[in-house]
Amino acid sequence: MLALNAGDARHPRDGRVGHPRSGRPPLKAAPRFPLCRSGLVVALLAVMLPSVAEAQRTDGPPEPPAPDGPTMVASPPRGATAVARAHRIHTPPVIDGVLDEPFWADLEPVTDFVQRDPVDGGLPSERTEVRIAYDENFLYFGFMLHDSDPSGIRANILHRGGMIGLDDHIVIGLDTFRDRRNGYIFEMNALGTQDDAIFTDESIEREDWNWDGVYWSEARITEAGWTLEVAIPFTTIRFPREEVLEMGLLFFRSIRRKNETVYWPQIPATYRGRYAQASQYGTLVGLEGITPGRNLQVKPSLVTGAQKLGAVAPANRVGEVGLDLKYSVTSSLTLDLTLNTDFAQVEADNVQVNLDRFSLFFPEKRDFFLERAGLFAFGDAGETQVFFSRRIGLENPILGGGRLTGQVGRLSVGLLNLQTGREGEVGGANNAVARVRADLGARTSVGGLATNLAGDRTHNRSAGGDLQVRFLGSSSLDLWAAQVWADGAEGTPLPGGTGAGSASLRLRNATWGGALGYTSVGEAFDPALGFVRRRDQRRWSGEASFTPRFEGSTWARQLTTTLAEVDVRGQDGVFQTGRRSLDGQFTFESGDGVGATLARREEVLALPFQIRPGVRVPVGSYRFSTLTVNARTNGSRPLSGNAAVSRGDFYHGTRTEMRFTGGITVSPRLSFQPMVARNAVSLPVDGGDFTTHVASLNVKSALNRWLFGDVLVQYDDLSRSLQTNVRVNWIHTPGSNLFLVFDTGVQTGELPEPRESRWERRTGVVKLTYMWAL
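Here's a quick rundown of the structure. (Residues numbered from 1 in each chain as written. Predicted model: local features only at pLDDT ≥ 70, side-chain atom pairs only at ≥ 80, totals over all residues. Heavy atoms only, no water.)

### So, the sheet that holds strand β18 (residues 384-385)
Overall, antiparallel pairing links the 3 strands, which are arranged β17-β18-β27 in an open sheet. The outermost strands of the open sheet, each flanked by one partner alone, are β17 (379-380) and β27 (531-532). With 2 bridges connecting them, β18 and β27 associate as antiparallel partners. Looking across to β27, one finds that Thr384 is bridged to Val532. (Pairing = 2+ DSSP bridges. Helix = DSSP H or I, 4+ residues; strand = E, 2+ residues; numbered from the N terminus.)

Listed below in structure tokens is the structure:
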């Protein structure tokens, strides 16, 4: 039986911080769209370049404001010259959100925050104070976030990893190796609810937020604003073994009702990476005598439950024990081992209806693959990815394997090896990935990736290299190329071009942006551990954008306009697809917005494709124009919504699409997110008049920050399947969970014979995990 207690550390709900080493940390024929001939992007880039160059002149003091204009910070703290000091303490604080320990009052706070929204470089409307302390085990932060109207503080999210950005919240960014490109993010709202991320190369993606670090936070809303206490164990982060340690540091605050953001140090709007812009972090000094240690985390799991597929098949009972182990090989290298891996607790995919001839992309949601996912990224996300972790273990079980990630000097290293077992007709295979990236200069990196899938009488291997150069604030040059070597089931090499590559140049500052790109994908480029949405293509793309900010306005915040063009041809040079679009989005000072997109598209079909069962779009050349309008409200309000309507030509016919997503927050303990989408299609073919509907309702409930659940109900009238997924998560100690998962599918349409039941599946699973920190 698994023990539910270890060590002498007390639970954070008791308000005490325990000792981390005592067992528990405190825890993408004739030329129809001739890109170069049009000169569209080239002309706009020529206009844009002077403004991009201006991005380099942001280090001096800002221009004095016009009379009655916004108040600007005269000498804002910038980059590594901004220094914050941590002070050693000998008695740990009670992490309860109350800064009542005497030492807090003795520490000099960081107060020189700088506004970024609504006025870049402006004086914050509210005062923020941050004090920093440490002992041999923890890094402590004490926040005093003043607010002239405490009743207006937004605090509604109790789910760990929820949409904390909709609330008043703070972010702590730590570049622990001071490489000015990678780091940790710790995010907390005015309820103390946590989210966290590990980012790579000054870029933070959605999947990066699936890292779950162990640390403590408690917050209180007071008459003066809100306070927050944070304790981050040194065992949660990786850092070099140095007697005198310095780290990159960033603080970010969002005052949600004002749509105001403030930073320390200043990160101008020229830098669009926001709080992942590690090259602009300040410096944390004062840490001495801190040792990273080679800590060991052991996390066993117990899974029990049953699954019944269809009406006839017998129930499959599940009873398994798994083990995850995390070990710091060095202060900067971490080894993860997994045995009998189970993902029963992973949330369900959202239903999508495909009215195109290319594959849909479903994002990875499994925690084991999401941690340090940015390190393994290679290719164009959602379009041509040489490694895509959803290829592993979705159709057959993962028996076990390991992952080694971290830093070796100026090298970032990632090694992954997993063995999958047989499941029905799907045979087992060994899945291996190796990734290395070297830092060249301050914002340049070069790297390589190799993958290998070895199965029964077949193999698929890929290898490639990439280069990224970041400059001029948010500008970059990105290059990558890869090759696949594969055998079929009889050992015959696959025919056709098996290589792919891409080059893109992006120039951006706070107001202007532009990009040029070229991608080539061979007709047989098929990495078994990757995702390729479209093969046999040579794609040229260009983009120009204008994003003025209306600083000082009482009602307008920003206008974003983007002009884009894409030209796709086959490897034989024959035209396939062209698209031009003009998009405009306007954001009000209130956080609401409206927008419109006008698109002109051409498709040449060399083969017919099935758009829905029994309905085929014939070979031919098609041109269609589409207009889309949308409106959205501020998502932090108790009632919010986002609606879009699209109407236009569609394969010699018409298509009208309507979509609405909403948010209803009853309280921090209960919220609803409904979604409805409708497509009405009319095509000049047999059965070409049809509609599709997708509807879902996500209900989020929480008793507190440690016990919460989700109910996701989805329906589409193409499959006529009503799907329900229920997940309950109890964080019984930090890093340890009890999951209850129920998943069902019910067929609501006409039943084919000889089915006896409308049930497609019924699953019930209980998963218990416990983490020991040794």
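Read on for the rest.
### Comments concerning the packing of aromatic side chains
Per the stated rule, a full pass over the model turns up 31 aromatic pairs. An angle of 70 degrees between the planes, with centres 5.0 Å apart, marks the rings of Phe252 and Tyr263 as edge-to-face. One end of the pair, Phe252, is in strand β11 (residues 244-255); the other, Tyr263, is in strand β12 (residues 260-264), and 11 residues separate them in sequence. Given a relative accessible area of 2%, Phe252 falls into the buried group. Seen in terms of ring centroids, Phe624 and Phe650 are 6.1 Å apart; in terms of plane orientation they differ by 65 degrees. Their pairing is edge-to-face. Highlighted residues: Phe624 in strand β34 (residues 620-632) and Phe650 in strand β35 (residues 639-650), separated in sequence by 26 residues. On the basis of relative accessible area, Phe650 is assigned to the buried category, the value being 4%. Joined through ring pairs, the aromatic side chains of Phe113, Phe141, Phe143, Phe251 and Trp264 make up one cluster. (Phe/Tyr/Trp six-rings, centres within 6.5 Å; stacked < 30°, edge-to-face > 60°. Buried < 20%, exposed > 50% of the residue type's maximum accessible area, 1.4 Å probe, protein only.)

### A few points about the pairing of strand β5 (residues 138-146)
Of all 9 residues that make up β5, 8 are buried, and the element is covered over most of its length. Bridge count for strand β4 (residues 128-134) against β5 is 7 bridges, and the pairing is antiparallel. Bridge assignment links Ala133 to a residue of β5, and that residue is Tyr140. From the end of β4 to the start of β5, which pair antiparallel, there are 3 residues. Bridging between β5 and strand β10 (residues 225-233) involves 9 bridges; their strand directions are antiparallel. Note that in β10 the partner of Gly142 across the bridge is Glu229.

### Considering the sheet that holds β10
Across the sheet, which stays open at both edges, the 5 strands sit in the order β2-β4-β5-β10-β9 with mixed pairing between neighbours. Across the chains shown, the open sheet's two edge strands, defined by having one partner strand only, are β2 (87-88) and β9 (216-222).

### Concerning the pairing of strand β24 (residues 475-486)
Of the strand pairs in this sheet, strand β23 (residues 458-471) and β24 are connected by 12 bridges, and their pairing is antiparallel. Within β24, the residue paired with Ser462 across the bridge is Val484. Joining the antiparallel neighbours β23 and β24 is a turn of 3 residues, in which Leu472 adopts a positive phi near 50 degrees. In this sheet, strand β25 (residues 499-508) lies alongside β24 in antiparallel orientation, the contact comprising 8 bridges.

### So, the pattern of salt bridges
Any two side chains of opposite charge can pair if their charged atoms end up close together. According to the stated counting rule, one finds 32 salt bridges in the structure shown. Ionic pairing is found between Asp117 and Arg549, a salt bridge with its closest N-O pair at 3.1 Å. One end of the pair, Asp117, is in strand β3 (residues 114-117); the other, Arg549, is in the loop between β28 (537-546) and β29 (556-569), with 432 residues separating them in the sequence. The salt bridge partner of Arg470 is Asp201, with a shortest N-O separation of 3.8 Å. Taken together, the residues span a long stretch of sequence, with Arg470 in strand β23 and Asp201 in the loop between β8 (194-199) and β9 at a distance of 269 residues. Where salt bridges share partners, they join Arg181, Asp201, Glu202, Arg437, Asp439, Arg443 and Arg470 into one cluster. (Salt bridge = Lys/Arg side-chain N within 4 Å of Asp/Glu carboxyl O.)

### Digging into the nonpolar core
Counting residues in hydrophobic clusters, the biggest one holds 41 residues, and the most contacted among them are Phe141, Phe143, Ile172, Phe186, Leu249 and Phe251. Listed by contribution, the elements that provide at least two residues to this core are β4, β5, β6 (169-175), β7 (183-189), β10, β11, β12 and β13 (282-288). Excluding anything up to four places from it in sequence, Leu249 contacts Ala84, Ile132, Phe141, Ile172, Gly173, Leu174, Trp264, Pro265, Tyr281, Gly282 and Leu284. (Core = buried A, V, L, I, M, F, W, Y, C linked by side-chain atoms within 4.5 Å. Contact = heavy atoms within 4.5 Å.)

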